[in-house]
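Notes for the structure review
Here is how the chains run, residue by residue.
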Amino acid sequence: MGEYLILVNKQNGIGLDFEPKNLTLVELPTINNREVYLEKRAYVAYKRLFRNATKNNINLIIFSGYRDSNYQKMIFTNEFITAKPGYSEHQLGLAVDVSTADIGLTEILMYSQEGRWLNDNAYKYGFIIRYPKNKEHITEYIHEPWHLRYVGENHAKNIETANLSLEEYLKIRNNN
């Protein structure tokens, strides 16, 4: 389980050459039918999340999954919005950007039924909202209600229950 708790942020990179093992092609709806990959266990968990969302009339679409450092170089804008190459969680294959086609990757998602459902249920499948509201001073990124990070069900439940960011959770775990 520890391999899913890798901290990648502005201070903790994984290197430009890092590539996760077990990348799997996503065969669920993606924006513009884009080819998206996720680490296998994260994908299995996301499929469960997606199926249960659909049963609850929540229609989700993936915008982004695994991104290598070359792709990250192409989309890098500034460090408050986009991670530098080698410092992106997407490079782990454990991060997935999810929304609806009409809302896209905007903060408006948190006010929609889809965003509320993700906020209330993602942890049940091992995902956390990686950049939560009111934690920007800790994560150093804007609130991203669409950015899910797979950490495993037990860790996700603990993080959700304690209302922590991944940084806070790992600091507490490392001090025990």
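Here the structure is shown first, and the text comes after it.
Residues numbered from 1 in each chain as written. Predicted model: local features only at pLDDT ≥ 70, side-chain atom pairs only at ≥ 80, totals over all residues. Heavy atoms only, no water.

1. So, the packing of aromatic side chains
The geometry of an aromatic ring pair comes down to the distance between the two centres and the angle between the two planes. Under the counting rule described, the total for this entry stands at 6 aromatic pairs. Seen in terms of ring centroids, Tyr 4 and Tyr 150 are 5.1 Å apart; in terms of plane orientation they differ by 85 degrees. Their pairing is edge-to-face. Here Tyr 4, found in the segment before β1 (23-25), pairs with Tyr 150, found in strand β6 (residues 144-150); they are 146 residues apart in sequence, far enough to count as distant. For the pair Tyr 4 and Tyr 150, a shared accessibility class is recorded, and that class is buried. Judged by centre distance (6.3 Å) and plane angle (35 degrees), the ring pair of Tyr 46 and Phe 50 falls under tilted. Of this pair, Tyr 46 and Phe 50 both sit in helix α1 (residues 40-55), 4 residues apart, which is roughly one turn of the helix. Each member of the pair, Tyr 46 as well as Phe 50, carries the same accessibility label: buried. Linked through ring pairs, Tyr 4, Tyr 46, Phe 50, Phe 127 and Tyr 150 together constitute an aromatic cluster. A cation sits over an aromatic face here: Lys 10 above Tyr 141, 4.5 Å from the ring centre. Over the ring of Tyr 87 we find Lys 84, and its NZ or CZ is 4.9 Å from the ring centre. (Phe/Tyr/Trp six-rings, centres within 6.5 Å; stacked < 30°, edge-to-face > 60°. Helix = DSSP H or I, 4+ residues; strand = E, 2+ residues; numbered from the N terminus. Buried < 20%, exposed > 50% of the residue type's maximum accessible area, 1.4 Å probe, protein only. Lys NZ or Arg CZ within 6 Å of the ring centre and 35° of its normal.)

2. Details of the pairing of strand β4 (residues 95-99)
Along β4, 5 of the 5 residues are buried, which leaves the element largely enclosed by surrounding structure. Residues Ala 95, Asp 97 and Ser 99 of β4 are buried on one face, and the alternating residues Val 96 and Val 98, pointing to the opposite face, are buried as well. Pairing between strand β3 (residues 61-64) and β4: 3 bridges, direction antiparallel. Across the sheet, residue Ile 62 finds its bridge partner in β4, namely Val 98. Pairing of β4 with β6 involves 3 bridges; the strand directions are antiparallel. By the bridge assignment for β6, Val 96 is matched with Leu 148. (Pairing = 2+ DSSP bridges.)

3. Topic: helix α3 (residues 113-121)
Considered for burial, the residues of α3 that qualify are Glu 114, Gly 115, Trp 117, Leu 118 and Asn 121. For α3, the arc enclosing every buried residue in end-on projection is 160 degrees, short of the 170-degree limit, so these residues lie on one face. Looking at the packing, one finds that the buried side of α3 touches α1, β4, β5 (127-131) and β6. (Arc of directions from axis to C-beta. Contact = heavy atoms within 4.5 Å.)

4. Comments concerning the nonpolar core
Within the largest apolar cluster, 32 residues are counted, with the highest numbers of intra-cluster contacts made by Tyr 46, Leu 49, Leu 60, Val 96, Leu 118, Phe 127 and Leu 148. Mapped onto this core, the elements with two or more residues apiece are α1, β4, α3, β5 and β6. Element by element, the count of residues in this core is highest for α1, at 7 residues. Non-local contacts of Val 96, meaning those with residues more than four positions away in its chain, are made with Leu 38, Tyr 46, Ile 62, Ser 64, Gly 65, His 90, Phe 127, Trp 146, His 147 and Leu 148. Formed by 9 residues, the second largest nonpolar core is a distinct cluster that contains Leu 5, Ile 128, Ile 159 and Leu 166. (Core = buried A, V, L, I, M, F, W, Y, C linked by side-chain atoms within 4.5 Å.)

So far we have only geometry, and geometry alone does not tell us how the molecule works.
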